[in-house]
Each structure stands twice: as structure tokens, then as C-alpha cells.
Amino acid sequence: MLMILLKPTSKTLNTLLSNSQIPIFSITIHKPNKYPLHNHTQFHNYVNTYMKWKKDPFYGSIDHIHKSSLLKSIISIKNLITQNPNSSIPISDISKKGLQFDLKKIKVANFLRKYPSIFDEFTGPEYNLPWFRLTREAVEIDEEEKRVFVEFRDELNERLMRFIMMSREKVVPLKILKGMLWYLGLNDDFLETIDDECFKIVDLEDGLEDGLEGLTVVNSEKMSFLSVLERNAMSKSTSYSSNGISAGQHSDQVVSSMSHTRDALSEGLCEFPLFPSKGVRLKRKIQDWLKEFQKIPYISPYDDYSNLDCDSDLAEKRVVAFLHEMLCLFVEHSAERKKILCLKKYFGLPQKVHKAFERHPYMFYLSFRNKTCTVILKEAYKDELAIERHPILSVRQKYVELIKESEVILKRRRWGHTTNFECLKSPKLDLDLDLDCIDDGEQGQCL
């Protein structure tokens, strides 16, 4: 074999090596017309785009992002209290459930006492045990939250459908979905009350685990969605407004029009919006690579990607498109990085998917506040019209205001001031603020 490779009379090999203008590991893939997006040479020009992390106080000051994990524990306990017929519960019923509420370093009773504006403590009817119930303000927000789940049920279903349709097999295991319900803005018992007209539970064949169940979309083969980036690109064209194509319509005519428009976008420039942080400057070679990366045809996260070369720039663009679309579906347009890493197997993500956040600092910001790495989509907080606001976001912002109010109450108590609740309230704030109303000068703290 070695003699054959070194043989100087191999004219075919010499011709191929001398005429090649692309990297030796490039692959030309010829596909049927069913996948027009991939009918071109897939290449990979590696550029080391790793840069030193730069703190941005703007993203570090978004409270509803950095208090999200804390708020999740509060709402879980709140839901347990409201399920009780008396809307109150003795501490003995929840004192042993710290792990269920993700409370590892603090007792449940001490945790509840840290938020007097949400949980009201009183003496129970028997044995003088401490009981807890919701304050009047917390009850009002809870009622609003329930109304949102009812009024926006269809939108919440569609967000979950979009998330599932981006998966490899159009089905996601229930154990994975349980960890993503919070980010999608769904209540804890959502999977127990799923709409049979939209979703169905199926058995998954997994060699590592028996009896694994997953959730899929009914008639998923007939559905097609446009990503947020595609809809924004189409909204800027006159043809989109004249045709009146809208996401969520599943007729054959609309699906055909969507496919034609998507192919047209892929042939042109459907670039990712970039938002540089103050003080962040890219090296020239990285800037040149980014310009070339933007020119690569856009791959929708809802399209089939089985024929992509995993080492090509085209595959990386598909990964970035998936991360962008997924964060657009989330309530805070952010998520803990370790949660995203759990999606690699079922969403076709590479082993080092976390490198995408480092290679694209103009799109994603990594916050290390609260000793947790959180990925934030910059576009959601720099262009308020680009991404649709999640209906449950305003409710969570109101809970965050109660958390801040609790901090004021506890501080006054330590100082020996009055404990009159009405006197301790912070100034009335507009809790229905838009995402872009955060003060740029407000300083956040990153650990």
C-alpha cells in the first residue's frame, strides 16, 4: 500500500492534489432536490476565535434572569401551598422536601422566612406549629399567573411544539422536557394535562434505558415552522406582507410558499444580528472569519440536518441557528449553560457545543453571576421588536419585585424599625416594563 501511494506515475492523485483549492477534509455532498439548502460544498476553515471574557454590566443587572433559579424554588413552594384546600400548609409537610424545591444549603423554614412579602407565617391550630400562607400581594400575582396559563394556552403549546420540532427525531424524552418546562414558561403539571390534539406520548427505544417515554407533535410530518430570524427577514420584504404568510399555518399551499421563501433566503443573505459589547474588539482574522460565516447559507433549525458534515462551517451555522431559536422561545431568553449541554444527544449538537458561545460573543453573553454560567441572547435585550415577548414574563417580574421588597423588610427589621408591612413597601414600580427599559448605567455584579 505504501509503495502505491509513493508511486510517481499516479497521475490521477497528482492532478487531484495540484488542482484542489479547498481544504483536504472538505466534502462535496450531492443531495436530492428535497434538501436544496445542502446542495453545495461543505467546508471548514478553522479560526481560533476564543477571546478573554469581558464583563458587561448591562447584562449583569437584569434581575429576572439572575433571580430565575431562586424564583423557581419560590414558585414551586407557592404552587404546593395553593393546592392545599385551606391555601396554607404546616412547616412539617414541607420541611423534608428541600431537594424537591432545589434547596440544598438552607432549611425550608428559613427559606420561607427570607421572603415575608410572599409567605406569611402564623401559628397553626394545633401544637403551636408554624404555618405558612401567601400574602395578599402574592395571591393576586398567583391569580394573574393562572389567567395567563388559560388565556395563552395556544401560544404556550406552540412554543413547546417548536422546541420539539427542532429535535433530531421530532420527539423529546419526558425527562428532558421536565428540565425545560421552567424555561419555556410552562407550569410543573403541564405534562400531566397535555392537549391530546397537539401532543402525544410515545415509547422510545433507547439501548441504555428501558421504558423511556417521549413527547412528540401530532401530525409533525405535515407541520413546518419559520424561525424567528426568517420571520424577521421576511417581514422586511414587501413580498412577505403582500402574500400574508403567517407562522403556524399548516396547509400545503402555505408550507410550499414557506419552503420557497426559505430557499430564497438561504441563497441570499440571512445574517445573524450582532450586538458588540462595549470594550470588546475582535482581531482582524476573527472579523474576516465572521464576515465569511455570515455569508454561509442560513440553515433553519427546523430543517433536516442529517446530511451535514459535522466538521463544516455549515454545521456550525445550523448549531448557532438552533441556539438562537431556542433562546427566543424561552421566557428570559437565557438559560444555564449546563442545561443546554443536556440537549446534545436529542438535538444533534456537537460534543463541544459550549464553544459556540465563545466563538460568537456578538450574539451570546456569558454571565457568571451567582456562581452559575448563564447564556443570554443579546438580541432580546438590544432590539425589543425582534423577538416576541413571552406572556409569562411580566408575572415573573412581579414576583421579582416582591423578592426585592422582602429584602427591604428584613433590612428594616434588623435595624429595629417598624414591621408595619404598609410602611415598608418600596415605591410603586411599573411591573409591566419592556425588556429594553433596564438602565444601561445600572451596575451588576459578576462572581
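This text follows the structure it describes.
Only a predicted model underlies this, so the values are computations on that prediction, with no experimental measurement involved.

Points about the overall build of the protein chain
Line of reasoning, step 1. Within the protein chain, the regular secondary structure consists of 21 helices and eleven strands.
Line of reasoning, step 2. When contacts within the protein chain are restricted to residue pairs at least 6 apart in sequence, those whose partners lie at least 24 apart make up 70%.
Line of reasoning, step 3. If you sum the accessible surface of the protein chain, you get close to 24600 Å²; carbon and sulfur atoms cover 51% of it.

Let's talk about the sheet that holds strand β10 (residues 364-367)
Line of reasoning, step 1. Taken in spatial order, the three strands of this open sheet run β9-β11-β10, and their pairing is antiparallel. Each having just a single partner strand, β9 (334-336) and β10 make up the two edges of the open sheet. Here the average twist between neighbouring strands, direction ignored, is 20°.
Line of reasoning, step 2. Here β9 pairs with strand β11 (residues 374-377) via three bridges, running antiparallel. Looking across to β11, one finds that Ser 334 is bridged to Ile 376.

Description of the packing of helix α8 (residues 153-165) against helix α15 (residues 313-329)
For any two helices packed against each other, the geometry comes down to the angle between their axes and how far apart the axes lie.
Line of reasoning, step 1. With their axes 10 Å apart at the nearest point, α8 and α15 run at an angle of 160° to one another. Here α15 runs roughly antiparallel to α8, going by the angle between their axes. Seen along the crossing, α8 lies across α15 with a hand that is left-handed. Contacts from Arg 159, Arg 162 and Phe 163 in α8 reach Glu 325, Met 326, Cys 328 and Leu 329 in α15.
Line of reasoning, step 2. Residues of the contact of α8 with α15, tallied by class, amount to four nonpolar, no polar and three charged.

Digging into the sheet that holds strand β5 (residues 130-134)
Line of reasoning, step 1. As summarised here, the arrangement of the three strands in space is β3-β5-β4, forming an open sheet in which the pairing is antiparallel. Edge positions in the open sheet fall to β3 (88-90) and β4 (119-123), since each of these has one partner strand only. On average, adjacent strands in this sheet sit at an angle of 30° to one another, irrespective of strand direction.
Line of reasoning, step 2. One ladder, built from five bridges, connects β4 with β5; its direction is antiparallel. The residue bridging Phe 119 from the neighbouring strand is Leu 134, located in β5.
Line of reasoning, step 3. Running over the sheet, helix α5 (residues 68-83) touches β3, β4 and β5 and is turned about 100° from β5.

As for the nonpolar core
Line of reasoning, step 1. Counting residues in each nonpolar core, the largest one holds 113 residues, and the members touching the most others are Phe 119, Phe 163, Leu 323 and Met 326.
Line of reasoning, step 2. A per-element tally of this core places α15 first, with ten residues.
Line of reasoning, step 3. Here Leu 323 is in contact with Ile 340, Val 353, Ala 356, Phe 357 and Phe 364, once residues within four sequence places are set aside.

Considerations on the packing of helix α7 (residues 136-151) against helix α20 (residues 393-414)
Line of reasoning, step 1. For the pair α7 and α20, the least separation of the axes is 10 Å and the interaxial angle reads 165°. Between α7 and α20, the interaxial angle falls into the category roughly antiparallel. For the pair α7 and α20, the crossing hand works out as left-handed. In contact with Glu 137, Ala 138, Ile 141, Asp 142, Glu 144, Glu 145 and Val 148 of α7, α20 contributes Ser 394, Val 395, Lys 398, Tyr 399 and Leu 402.
Line of reasoning, step 2. Grouping the amino acids of the contact of α7 with α20 by side-chain chemistry returns six nonpolar, one polar and five charged.

Considering the packing of aromatic side chains
Within a pair of aromatic rings, the relevant descriptors are the distance that separates the centres and the angle that separates the planes.
Line of reasoning, step 1. Per the counting criterion, the structure on display carries twelve aromatic pairs.
Line of reasoning, step 2. With a centroid separation of 6.5 Å and an interplanar angle of 20°, the aromatic rings of Phe 272 and Phe 293 are classed as stacked. One end of the pair, Phe 272, is in the loop between α13 (252-267) and α14 (284-295); the other, Phe 293, is in helix α14, with 21 residues separating them in the sequence.
Line of reasoning, step 3. Each member of the aromatic cluster is reached from another via a ring pair, and the members are Phe 272, Trp 289, Phe 293 and Tyr 298.
Line of reasoning, step 4. Geometry around Tyr 305 places Arg 318 over its ring, the cationic atom sitting 3.7 Å from the centre.

Topic: the pairing of β5
Line of reasoning, step 1. Both β3 and β5 contribute to a ladder of three bridges, which runs antiparallel. The partner of Ser 88 across the bridge, within β5, is Arg 133.
Line of reasoning, step 2. The hairpin formed by β4 and β5 contains six residues between the paired strands, and Tyr 127 there has a positive phi angle of roughly 60°.

Describing the pattern of salt bridges
Pairs may arise between side chains of opposite charge once their charged atoms sit close together.
Line of reasoning, step 1. Applying the stated criterion across every chain, the model contains 19 salt bridges.
Line of reasoning, step 2. The partner of Lys 78 in a salt bridge is Asp 142, with the nearest N and O atoms 2.8 Å apart. Separated by 64 residues along the polypeptide, Lys 78 in helix α5 and Asp 142 in helix α7 bring together distant segments of the chain.
Line of reasoning, step 3. The buried category is assigned to Lys 78, whose relative accessible area is 1%.
Line of reasoning, step 4. For the salt bridge of Arg 359 with Glu 316, the shortest nitrogen-to-oxygen distance reads 2.9 Å. One end of the pair, Arg 359, is in helix α18 (residues 355-359); the other, Glu 316, is in helix α15, with 43 residues separating them in the sequence. Glu 316 matches Arg 359 in its accessibility class, with the two residues each being buried.
Line of reasoning, step 5. Through salt bridges with shared partners, one network takes in Lys 78, Asp 142, Glu 145 and Lys 146.

Criteria and cut-off values
- Residue positions are given per chain, counting from 1 as you read along its sequence in written order.
- For this predicted model, a pLDDT threshold of at least 70 governs which residues receive local features, and a threshold of 80 or more governs which side-chain atom pairs are given and counted, while totals over whole chains, interfaces and linings are taken from all residues.
- Calculation of side-chain values draws on the structure's entire complement of heavy atoms; hydrogens and water are dropped beforehand.
- Counting from the N terminus, the helices are the DSSP runs of H or I reaching at least four residues and the strands are the DSSP runs of E reaching at least two.
- Residues count as neighbours in contact if any of their non-hydrogen atoms are within 4.5 Å of one another.
- The accessible surface values rely on the Shrake-Rupley method and a 1.4 Å probe; as for residues, cover is taken only from the protein chains in view.
- At least two bridges found by DSSP between two strands is the condition for calling them paired.
- The angle between two axes is taken between their N-to-C directions and runs from 0 to 180 degrees, where each axis is a line fitted to C-alpha atoms and a helix contributes only its stretch in contact.
- Each angle is binned into one of four classes, with values under 35 degrees roughly parallel, values over 145 roughly antiparallel, values of 65 to 115 roughly perpendicular, and all other values oblique.
- In this scheme the crossing of two helices becomes right-handed for a clockwise turn of the near helix relative to the far one and left-handed for an anticlockwise turn of less than a right angle.
- Classes in brief: Ala, Val, Leu, Ile, Met, Phe, Trp, Tyr, Cys and Pro nonpolar; Asp, Glu, Lys and Arg charged; the others, Gly included, polar.
- The definition of a nonpolar core used throughout is a set of buried Ala, Val, Leu, Ile, Met, Phe, Trp, Tyr and Cys residues joined through side-chain atoms within 4.5 Å.
- Any residue under 20% of the maximum accessible area for its type is buried, any over 50% is exposed, and the rest in between are partly exposed; the area is computed with a 1.4 Å probe on protein chains only.
- Ring geometry is summarised as follows: Phe, Tyr and Trp rings, the Trp one being its six-membered ring, pair when their centres sit within 6.5 Å, and such pairs are stacked at plane angles under 30 degrees, edge-to-face over 60 and tilted between the two.
- Two conditions define a charge located above a ring, namely a distance within 6 Å from the ring centre to NZ of Lys or CZ of Arg, and an angle within 35 degrees of the ring normal.
- One speaks of a salt bridge when a side-chain nitrogen belonging to Lys or Arg is within 4 Å of a carboxyl oxygen belonging to Asp or Glu.

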